[in-house]
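# Inside the fold
Listed below are the residues making up each chain.
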Amino acid sequence: MIINAFSGAGKTYLVDKYKDIQDLDSMDYHWIYEDYVLHLPKEQRKRNLSRKPNPAWPNNYIHDILSYHKKGFITLIGGSDSLIDYLETNKIPHLICLPTLDQKQDYLARFKERGNSKEYIDFWNDNFESFVTKKMQHKHVMRMLPGEYLEHTLKRIQILPYT
């Protein structure tokens, strides 16, 4: 199963807890960072402008998504609408897990708590509603309940077992 989950939903937590889950963070495929930025933790590199587009994007990302999917992993991804369009056009099974619009402040607090940059938090403060609304136009959307992290959602819809 390929799961497109919103930033701050809890993808990293799931990877640390479950051996059959992979998190393919799109920024590691989309961007080539300047050397002096590479030492920064992943959350602090987000929205860092000391980067250039990777010419292999998006084919490099799609390749790895499909590779992990074929191996039977639950593959967690982020990504653009064009990536979701690719999955839908090619009839590749996937699910989009989205917060509700009224969860914006909860997500901004999650970003701050995990150490994201001010630029990253400001970006989501300005764009949260438009991203959620736009992704709602796709097929295979699952709404996350208020206060819910991705693990809870996947248990609720029986992709992950209750333990």
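My aim in this report is to walk through the structure given alongside it, one point at a time. Every value quoted in this text rests on a predicted model; they were computed, and no experiment measured them. (Residues numbered from 1 in each chain as written. Predicted model: local features only at pLDDT ≥ 70, side-chain atom pairs only at ≥ 80, totals over all residues. Heavy atoms only, no water.)

What follows is about the overall build of the chain. For the chain, the helix and strand inventory stands at eight helices and seven strands. Computed over its C-alpha atoms, the radius of gyration of the chain comes to 15 Å, within 12% of the 15 Å expected for a compact globule of 163 residues. By the burial criterion, 47% of the 163 residues in the chain qualify as buried. Taking the intrachain contacts of the chain between residues at least 6 apart in sequence as the baseline, contacts between residues at least 24 apart amount to 68%. When the accessible surface of the chain is split by element, carbon and sulfur atoms take 54% of a total near 9000 Å². Each charge class in the chain was averaged separately, 23 positive and 21 negative side chains, and the resulting centres sit 3 Å apart. (Helix = DSSP H or I, 4+ residues; strand = E, 2+ residues; numbered from the N terminus. Rg over C-alpha atoms; globule rule 2.2 N^0.38 Å. Buried < 20%, exposed > 50% of the residue type's maximum accessible area, 1.4 Å probe, protein only. Contact = heavy atoms within 4.5 Å. Areas by Shrake-Rupley, 256 points an atom, 1.4 Å probe, with all protein chains shown as cover. Lys, Arg positive; Asp, Glu negative; His and termini not counted. Charge placed at Lys NZ, Arg CZ, Asp CG, Glu CD.)

Turning our eyes to something else, we now look at the pattern of salt bridges. Counted under the stated rule, the structure contains seven salt bridges. Residue Glu129 is joined to Lys104 by a salt bridge in which the shortest nitrogen-to-oxygen separation is 3.2 Å. With Glu129 in helix H7 (residues 118-135) and Lys104 in helix H6 (residues 104-113), this residue pair connects regions lying 25 residues apart in the sequence. Accessibility expressed as a relative area gives 33% for Glu129, which makes it partly exposed. Exposure remark for Lys104: the relative accessible area of 13% places this residue in the buried category. In this structure, the salt-bridge partner of Lys155 is Glu151, at a minimum N-O distance of 3.6 Å. Taken together, the residues Lys155 and Glu151, both in helix H8 (residues 150-156) and four residues apart, mark about one turn of the helix. One salt-bridge network, held together by shared partners, links Lys17, Glu151 and Lys155. (Salt bridge = Lys/Arg side-chain N within 4 Å of Asp/Glu carboxyl O.)

What follows covers the nonpolar core. One finds Ile3, Leu14 and Leu150 to be the most contacted residues of the largest nonpolar core, which totals 27 residues. Looking at this core, the elements with two or more residues in it are strand E1 (2-5), strand E5 (74-77), strand E6 (94-98), H6, H7 and H8. Here this core gets six residues from one element, more than from any other, and that element is H7. Excluding residues that lie within four positions of it along the chain, Leu150 makes contacts with Ile3, Ala5, Ala9, Lys11, Leu14, Leu76, Cys97 and Met144. Among the nonpolar cores identified, the runner-up in size contains 12 residues, and Trp57, Ile62, Leu83 and Ile92 belong to it. (Core = buried A, V, L, I, M, F, W, Y, C linked by side-chain atoms within 4.5 Å.)

Before going further, it helps to spend a moment on unusual backbone geometry. Cis geometry is adopted by the peptide bond preceding Pro58, which originates at Trp57 and carries an omega value of 0°. As for its placement among the helices and strands, Pro58 is situated in the loop between strand E4 (51-53) and helix H4 (59-70). One non-glycine residue with positive phi stands out, namely His140, at about 60°.

Before going further, it helps to examine the environment of Pro53. With respect to the secondary-structure elements, Pro53 resides in strand E4. We classify Pro53 as exposed; its relative accessible area is 55%. Once residues within four sequence positions are removed from consideration, Pro53 is found in contact with His30, Trp31 and Ile32.

Once that is clear, we can look at the packing of aromatic side chains. Taken as a whole, this structure holds 14 aromatic pairs when the rule is applied. Ring geometry for Phe123 and Phe131: centres 5.7 Å apart, planes at 70°, overall edge-to-face. Look at Phe123 and you get buried, because its relative accessible area is 18%. Grouping aromatic residues by their ring pairs yields a cluster made of Phe6, Tyr107, Phe111, Tyr120, Phe123, Trp124, Phe128 and Phe131. A cation over an aromatic ring shows up here: Arg110 above the ring of Tyr107, its NZ or CZ 4.4 Å from the ring centre. (Phe/Tyr/Trp six-rings, centres within 6.5 Å; stacked < 30°, edge-to-face > 60°. Lys NZ or Arg CZ within 6 Å of the ring centre and 35° of its normal.)

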